[in-house]
Amino acid sequence: MAENLAKQTKPAHLQRCMCWDTLEGGWRCYVYDDISKYWCTQATTEHDPDGDNHVSDYADYRITHWIPMPPKPM
């Protein structure tokens, strides 16, 4: 399974990913919001300008790697 370095490669907008979170000390499911440049909670389905769903800024070093997840089943 390929891992992307979070500081080198960004996922697509609102893409669900398994992310290595150094603060949590393990893999977590997050969604990347390419508009606000934040990792968001796994239930995120649209851009949240208020940031209530933000987990980590893209500039932070908290999330180091991510793996794409398959789309949610219909």
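Computed from a predicted model, the values in this text were never measured in an experiment. (Residues numbered from 1 in each chain as written. Predicted model: local features only at pLDDT ≥ 70, side-chain atom pairs only at ≥ 80, totals over all residues. Heavy atoms only, no water.)

Describing the overall build of the protein chain
- Per the secondary structure count, the protein chain includes zero helices and six strands.
- The secondary structure elements of the protein chain, listed N-terminal to C-terminal, are β-β-β-β-β-β.
- The C-alpha atoms of the protein chain give a radius of gyration of 11 Å, which matches the 11 Å a tight globule of 74 residues would have.
- Counting only C-alpha atoms, the protein chain reaches 30 × 25 × 20 Å along its principal axes.
- Within the protein chain, the proportion of its 74 residues that are buried is 32%.
- Contacts in the protein chain between residues at least 24 apart in sequence constitute 51% of all its contacts with a sequence separation of at least 6.
- Summed over its atoms, the accessible surface of the protein chain is roughly 4,600 Å², and 55% of this surface lies on carbon and sulfur atoms.
- Looking at the protein chain, you have 7 positive and 11 negative side-chain charges, and the mean spots of the two groups are 6 Å apart. (Helix = DSSP H or I, 4+ residues; strand = E, 2+ residues; numbered from the N terminus. Rg over C-alpha atoms; globule rule 2.2 N^0.38 Å. Buried < 20%, exposed > 50% of the residue type's maximum accessible area, 1.4 Å probe, protein only. Contact = heavy atoms within 4.5 Å. Areas by Shrake-Rupley, 256 points an atom, 1.4 Å probe, with all protein chains shown as cover. Lys, Arg positive; Asp, Glu negative; His and termini not counted. Charge placed at Lys NZ, Arg CZ, Asp CG, Glu CD.)

A word on the pattern of salt bridges
- Scanning the model with the defined rule gives four salt bridges in all.
- With its nearest N and O atoms 2.9 Å apart, the salt bridge here joins D21 to R62. Separated by 41 residues along the polypeptide, D21 in strand β2 (residues 15-21) and R62 in the loop between β5 (54-57) and β6 (63-68) bring together distant segments of the chain.
- Taking the relative accessible area as the measure of exposure, D21 reaches 0% and is therefore buried. (Salt bridge = Lys/Arg side-chain N within 4 Å of Asp/Glu carboxyl O.)

Points about the side chain of T44
- Here T44 shows up in the loop between β4 (38-40) and β5.
- With a relative accessible area of 9%, T44 lands in the buried category.
- If near-sequence neighbours (up to four positions away) are discounted, T44 is found in contact with L14, V31 and N53.

Side note on the sheet that holds β2
- Read from one edge to the other, the open sheet built from six strands follows the order β1-β6-β2-β3-β4-β5, with strand pairing classed as antiparallel. Single-partner strands in this sheet number two, and they are β1 (4-5) and β5.
- One ladder, built from five bridges, connects β2 with β6; its direction is antiparallel. Considered in β6, the bridge of C19 is made with W66. (Pairing = 2+ DSSP bridges.)

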